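What follows is the residue order along each chain.
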Amino acid sequence: MPTVNYIDADGTRHVVEVPPGENVMRGALYNNVTGIVGECGGGLSCATCHCYVDPAWTGRVGPPASQDERDLLQAAACEVRPNSRLSCQIVMTEALDGLTVALPQTQY
Ligand code: FES
């Protein structure tokens, strides 16, 4: 099963298996990675699933952010960077095995 590396703001790495078809937000929630909150359950209405996709992966995480995602990112609690994504919008595939995402200091 593909794995995702979640890197906390303090540098702690969580290596988690996330099944294909599942999104990166839920992969964190189901495995006690607390740096992602996912308050709206993936409904694209909260921005508490903000993450920074590792530069090696930014072009490989599926379609680019939609306009709705980009708009909502502006509500994120921490700095929005060019590699910012809402993790509920990244759907795992086998090709994403090893995906690395850094988590912001806070989601509120
Ligand atoms: S979980 Fe709410 S926007 Fe991603």
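Refer to the structure above for everything that follows.
Residues numbered from 1 in each chain as written. Predicted model: local features only at pLDDT ≥ 70, side-chain atom pairs only at ≥ 80, totals over all residues.

Quick look at the pairing of strand β5 (residues 99–102)
Burial along β5 is one-sided: Leu99 and Val101 are buried, and none of Thr100 and Ala102, which face the opposite way, are. One ladder, built from four bridges, connects strand β1 (residues 3–7) with β5; its direction is parallel. In the sheet register, Val4 faces β5, and the bridge partner there is Leu99. The sheet contact formed by strand β3 (residues 50–53) and β5 spans two bridges and is antiparallel. Looking at the pairing, Tyr52 lines up with Ala102 of β5. (Buried ≥ 20, exposed ≤ 12 C-beta atoms within 10 Å, placed from the backbone. Helix = DSSP H or I, 4+ residues; strand = E, 2+ residues; numbered from the N terminus. Pairing = 2+ DSSP bridges.)

Regarding unusual backbone geometry
In this model, Leu44 sits at a positive phi of 60 degrees, which is unusual for a non-glycine residue. The residue Leu44 is located in the loop between α1 (24–29) and β3 in this model. Classification of Leu44 as partly exposed rests on a count of 16 C-beta atoms within 10 Å. Residue Ala47 is not a glycine yet carries a positive backbone phi of 70 degrees. With respect to the helices and strands, the residue Ala47 is situated in the loop between α1 and β3. According to the C-beta neighbour criterion, Ala47 is buried, with 24 such atoms within 10 Å.

Things to note about the nonpolar core
Counting 23 residues, the largest nonpolar core has Val24, Ile36, Cys51 and Val101 as its most contacted members. Among the elements of the structure, β1, α1, β3 and β5 are those that each provide at least two residues to this core. Excluding residues within four positions of it along the chain, Val24 makes contact with Val4, Val18, Ser87, Ile90, Met92 and Val101. (Core = buried A, V, L, I, M, F, W, Y, C linked by C-beta atoms within 7 Å. Contact = placed C-beta atoms within 7 Å.)

Quick word on the sheet that holds β3
Pairing in this open sheet of five strands is mixed, and the strands run β2-β1-β5-β3-β4 from one edge to the other. Sheet topology places β2 (13–17) and β4 (84–86) at the edges, where each strand pairs with a single neighbour. In this sheet, neighbouring strand axes are inclined to one another by 35 degrees on average, regardless of whether the strands run parallel or antiparallel. (Axes fitted to C-alpha atoms, helices over the stretch in contact; angles between N-to-C directions.)

Quick notes on the environment of Gln107
On the secondary structure map, Gln107 appears in the segment after β5. Owing to 20 C-beta atoms within 10 Å, Gln107 belongs among the buried residues under this scheme. Residues Gln107 and Val53, spaced 54 residues apart in sequence, show a C-alpha to C-alpha distance of 16 Å. Sequence-distant contacts of Gln107, that is, excluding residues within four places in its chain, are made with Ile36, Val37, Thr48, His50 and Ala77.

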